[in-house]
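Commentary on secondary and tertiary structure
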Amino acid sequence: MKLRPLHDRVIVKRIDSETKTASGIVIPDAAAEKPDQGEILAVGPGKKNDKGDLHPVGVKVGDRVLFGKYSGQTVKVDGDELLVMKEEDLFAVVEK
């Protein structure tokens, strides 16, 4: 798969959420909410400001990020469901 996002966009793959609660109850796929965490797979070069200077994107490939439930545009590539979103749609980077 070769996706190269443009401008300040990033490609994110959702990280699967837990399918079992702490008490051991299994959550069926139909009832589970989509996770709001993902891993950055690709990053665009950045966005140009009014003067034409390039402002690079503040995340890098491999970062784990938080985003809104309805953020980004869903695309399917090689059977994988990915999200394309702007950097401003990201809430935070999860530090390990």
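From a predicted model like this one, the values you see are computed outputs, not experimental measurements.

1. Details of the pattern of salt bridges
Under the counting rule described, the total for this entry stands at one salt bridge. Lys 60 is the salt-bridge partner of Asp 63, the closest N and O atoms lying 3.1 Å from each other.

2. Topic: the nonpolar core
With ten residues, the main nonpolar core is built from Val 10, Val 12, Ile 40, Val 57, Val 59, Val 65, Phe 67, Leu 83, Met 85 and Leu 90. Of all the secondary structure elements, the ones that give two or more residues to this core are strand S1 (9-14), strand S5 (64-67) and strand S7 (80-86). Excluding its chain neighbours within four sequence positions, the residues that come into contact with Leu 90 are Val 10, Ile 40, Val 59, Val 65, Leu 66, Phe 67 and Met 85.

3. Quick word on the sheet that holds strand S2 (residues 37-43)
Overall, antiparallel pairing links the six strands, which are arranged S6-S7-S1-S2-S5-S8 in an open sheet. The sheet is open, and its two borders are formed by strand S6 (73-77) and strand S8 (90-94), each paired with just one other strand. The mean inter-strand angle of the sheet, taken between neighbouring strand axes irrespective of direction, is 40 degrees.

4. Topic: the side chain of Ser 71
When you line up the elements, Ser 71 lands in the loop between S5 and S6. Given a relative accessible area of 14%, Ser 71 falls into the buried group. A polar contact of 3.1 Å, which involves the side chain of Ser 71, links it to the backbone nitrogen of Gly 68. Apart from residues lying up to four places away in sequence, Ser 71 is in contact with Leu 83, Met 85 and Asp 89.

Conventions and cut-offs
Throughout, residues of each chain are indexed from 1 in the direction in which the sequence is written. In view of the model being predicted, local features appear only for residues whose pLDDT reaches at least 70, and side-chain atom pairs are presented and counted only at 80 or more, with totals across whole chains, interfaces and linings using the full set of residues. Side-chain measures here rest on the full set of heavy atoms in the structure, leaving out hydrogens and waters. The term salt bridge refers to a pairing of a side-chain nitrogen on Lys or Arg with a carboxyl oxygen on Asp or Glu at a separation within 4 Å. Among buried residues, the Ala, Val, Leu, Ile, Met, Phe, Trp, Tyr and Cys ones that are joined through side-chain atoms within 4.5 Å form a nonpolar core. Only protein chains enter the area calculation, which uses a 1.4 Å probe; residues under 20% of their type maximum are buried, those over 50% are exposed, and those in between are partly exposed. Only DSSP runs of H or I with at least four residues qualify as helices, and only runs of E with at least two residues qualify as strands; both kinds are numbered from the N terminus onward. Contacts were defined at the residue level, with two residues in contact if any of their heavy atoms lie within 4.5 Å. DSSP-based pairing: two strands are paired if at least 2 bridges between them are found. Angular values range over 0 to 180 degrees, each being the angle between N-to-C directions of two axes fitted as lines to C-alpha atoms, with helices fitted over their stretch in contact. In the analysis that follows, any N or O atom pair within 3.5 Å is treated as a polar contact, provided that within protein one partner can donate a hydrogen and the other can accept it, and provided that, for residues neighboring in sequence, both atoms belong to side chains.

In short, geometric facts, not functional conclusions.
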